[in-house]
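Secondary and tertiary structure notes
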Amino acid sequence: MEPTADLPLLEVEDLRTTFTTDDGVVNAVDGVSFSLARGRTLALVGESGSGKSATAYSLLRLIQPPGRITGGRILLHSARAGTIDLTQLSDHSDLLYKVRGGMISMIFQEPMTALSPVHSVGSQIAEAILLHQHATRAEARQRTVDMLARVGLSQPEQRYDQYPHELSGGMRQRVIIAMALVCRPELLIADEPTTALDVTIQAQILGLIRTLQREIGCAVLLITHDFGVVAQVADDVAVMHRGRIVERGPVRTVLKAPQHAYTRALLDALPSRRARVA
């Protein structure tokens, strides 16, 4: 089926992901449903353990044993490949490899675990280009250098040949963003992209993601526990608690008039709100 203009980019229907432990089965994602339109940013927000990262990893089929997807559908209405039910693809499907990094890419929470310590940062970005697009090595290198410049790294030619340990935390995060966006994905998943950064760098990184999103036209699924970040960058928000979405809607509506007690508790925990109460 070819996607049409009235279809969202992503539809998640009754997604269920479980982890089998010695103490029993944990329902990390328990019947989650949402959709995400092209060009929009949806924030999936909640405390640690609420299921938001498990949801994100499920979308890319990156859940590792003892975890597994046990139900639901993940429909990607791709402009490049038509409609794909990601839950029906085998783990070794060629199409799944094309989806990961090509149609859907991810900014991981900790750059040092997402980057290989024994390869230069430039070669890792260039490898993504070679895997997902038709390009020579020389073309891949030049496009990588151009992308490093676009994410705000000075001396991109020099940065290409540097290793992750030679860069600061903010610079490594920019490299991860460059790697995620260099193939112009239709969907970008950003998993706590600014958690380990100071406030100034955090604002720069969020602004960078928004700018590149507008240039590329991709949708963004932002995973965060921080309503301050949600207010800055998201169009819509879905609040997760114990593996379920308990409230969702436009950001302004949810922030001004939260309907669920858990959402109100999260908002009341914000420093700015506590200061007003004091």
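All values derive from a computational prediction rather than experimental measurement. (Residues numbered from 1 in each chain as written. Predicted model: local features only at pLDDT ≥ 70, side-chain atom pairs only at ≥ 80, totals over all residues. Heavy atoms only, no water.)

**Overview of the sheet that holds strand β10 (residues 244–250)**
Across a sheet, paired strands are connected by hydrogen bonds in the backbone, their directions being either parallel or antiparallel. Inclusion rule: The pairing criterion is simple: DSSP has to find at least two bridges between the two strands. Numbered from the N terminus, helices here are DSSP runs of H or I no shorter than four residues, and strands are runs of E no shorter than two. Fitting a line to C-alpha atoms yields each axis, with helices limited to the stretch in contact; the angle taken between N-to-C directions then spans 0 to 180 degrees. Every residue pair with non-hydrogen atoms within 4.5 Å of one another is taken to be in contact.
Taken in spatial order, the six strands make up an open sheet running β6-β7-β8-β3-β9-β10, and their pairing is mixed. Of all the strands in the sheet, just β6 (104–107) and β10 have a single pairing partner and so form its edges. Mean inter-strand twist for the sheet, computed between neighbouring axes without regard to direction, equals 15°. Two elements, strand β9 (residues 236–241) and β10, share six bridges in a ladder whose sense is antiparallel. Looking at the pairing, H241 lines up with R244 of β10. Against the sheet, helix α7 (residues 169–181) makes contact with β6 and β7 (187–191), and its axis sits at roughly 175° relative to β6, the strand it touches most. This element, helix α11 (residues 261–268), spans β9 and β10 of the sheet and lies at about 105° to β9.

**Some thoughts on unusual backbone geometry**
In this model, P65 is joined to P66 through a cis peptide bond whose omega is 10°. Mapped onto the elements, P66 comes out in the loop between α1 (52–59) and β4 (67–78). Not every positive phi belongs to a glycine, and R61 is a case in point at roughly 60°. Secondary-structure assignment places R61 in the loop between α1 and β4. Residues other than glycine seldom take positive phi values, yet R242 does so here, at roughly 55°.

**A look at the sheet that holds strand β5 (residues 82–85)**
Read from one edge of the open sheet, four strands run β2-β1-β4-β5, paired in antiparallel fashion. This sheet does not close on itself; its edge strands, each paired only once, are β2 (24–36) and β5. The average undirected angle you get between the axes of adjacent strands in this sheet is 10°. With four bridges connecting them, β4 and β5 associate as antiparallel partners. Directly across from S78, in β5, lies its bridge partner G82.

**Here we look at the packing of α7 against helix α8 (residues 199–216)**
The following threshold applies: For classification purposes, an angle smaller than 35 degrees is called roughly parallel, one larger than 145 roughly antiparallel, one from 65 to 115 roughly perpendicular, and anything else oblique. Each helix crossing is assigned a hand: it is left-handed if the near helix lies turned anticlockwise from the far helix by less than a right angle, otherwise right-handed if that turn is clockwise. Put simply, Ala, Val, Leu, Ile, Met, Phe, Trp, Tyr, Cys and Pro go in the nonpolar bin, Asp, Glu, Lys and Arg in the charged bin, and everything else, Gly too, in the polar bin.
α8 packs onto α7 with a crossing angle of 15° between their chain directions and a minimal axis gap of 11 Å. In terms of orientation, α7 and α8 fall into the roughly parallel class. The element α7 and its partner α8 pack so that their crossing is right-handed. Residue-level inspection shows G170, Q173, R174, I177 and L181 of α7 in contact with α8, the latter providing I201, Q204, I205, L208, I209, L212 and I216. For the contact of α7 with α8, the per-class residue count stands at eight nonpolar, three polar and one charged.

**Topic: the packing of helix α4 (residues 121–132) against helix α5 (residues 137–150)**
Contact geometry of α4 with α5 gives a least axis separation of 9 Å together with a crossing angle of 120°. It follows that α4 is oblique to α5 by the angle criterion. For the pair α4 and α5, the sense of crossing is right-handed. From α4, G122, I125, A126, E127, I129 and L130 reach across to α5, where they touch R137, A140, R143, T144 and L148.

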